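Tertiary structure, described
Chain by chain, the residues run as shown.
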Amino acid sequence: YSQMVIDPVSYRKRLPNTREDEAETGEKSGGGALYTDTTSGKINVRFYPEGGSLVAGQKSRVAYYITDGGGRHYAAACTLVGSEGDTICHTKTDSMSRGVLELVPGKEPACLTVRNRRNKLFRFALPAAEPEGCTLAVDAVDSVWITATVRASRLMQGRLAGYALVHDGSVVRCDTFTLED
């Protein structure tokens, strides 16, 4: 982890860079929200919407990553709560403190709730949803095949879009398509 740029093979196995000292600067690096945890100092939750953004009314997948103030893994059982306080889903992190959830975002952001080791509940707001746009979901069917689903909001339908499939730094395939319902 002493180099910011490393070879492509090693990069695929590398965790996100969490080396910035947030305690000293008071600033967050990247997405997510930083909250104080009375047991371990801090809990950091970072959200990664698949495709880059959430779009209101479009089903989306969001990966998240939880660490404590020292950047160590923070295993947790979490609940996704809607803006009205309704439970959308229950989720938990894997052994690397990563999790995935699915939701259809509304105008108000949902919150991921996490309990610390003293059973205190913390709420982390997901990124706000864009009113218009596209969402992307990519699934590995097996070791050779993948499927990609693009969902478009009403105002984006009928527009021309493009994709590029890249493997090991090389473009394998690219094409254009028209966004439909």
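Scroll up to find the structure.
Here's a quick rundown of the structure.

Here's the deal with a nonpolar patch on the surface
Taken together, the side chains of L136, V138, I146, V150, Y163, L165 and V172 make up a nonpolar region of the molecular surface, amounting to roughly 530 Å² of accessible area. Looking at the nonpolar patch, the elements with two or more residues in it are strand 9 (134-140), strand 10 (146-152) and strand 11 (160-167). Tracing the chain through its elements places V172 in strand 12 (residues 170-178).

With respect to the pattern of salt bridges
For side chains bearing opposite charge, pairing can occur when the charged atoms are close. With the rule as written, the count across this model stands at five salt bridges. A salt bridge links D139 to R61; its shortest N-O distance comes to 2.9 Å. With D139 in strand 9 and R61 in strand 3 (residues 60-68), this pair connects stretches of sequence that are 78 residues apart. Taking the relative accessible area as the measure of exposure, D139 reaches 32% and is therefore partly exposed. Note on R61: relative accessible area 18%, which makes it buried. The closest approach of N and O atoms between D68 and R72, which form a salt bridge, is 3.2 Å. Overlapping salt bridges bring together E50, R61 and D139 as one network.

A few points about unusual backbone geometry
Positive phi, normally seen in glycine, also occurs at S97, with a value near 65°. Summarising the element assignment, S97 is placed in the loop between strand 5 (87-92) and strand 6 (98-103). Phi at D168 is positive, roughly 50°, even though this residue is not glycine. The topology assignment puts D168 in the loop between strand 11 and strand 12. On the accessibility criterion, D168 (53% relative accessible area) is exposed.

Analysis parameters
- Residues numbered from 1 in each chain as written.
- Predicted model: local features only at pLDDT ≥ 70, side-chain atom pairs only at ≥ 80, totals over all residues.
- Heavy atoms only, no water.
- Patch = residues over 30% accessible without salt bridge, like charges linked within 9 Å, V, L, I, M, F, W, Y side chains within 5 Å.
- Areas by Shrake-Rupley, 256 points an atom, 1.4 Å probe, with all protein chains shown as cover.
- Salt bridge = Lys/Arg side-chain N within 4 Å of Asp/Glu carboxyl O.
- Helix = DSSP H or I, 4+ residues; strand = E, 2+ residues; numbered from the N terminus.
- Buried < 20%, exposed > 50% of the residue type's maximum accessible area, 1.4 Å probe, protein only.

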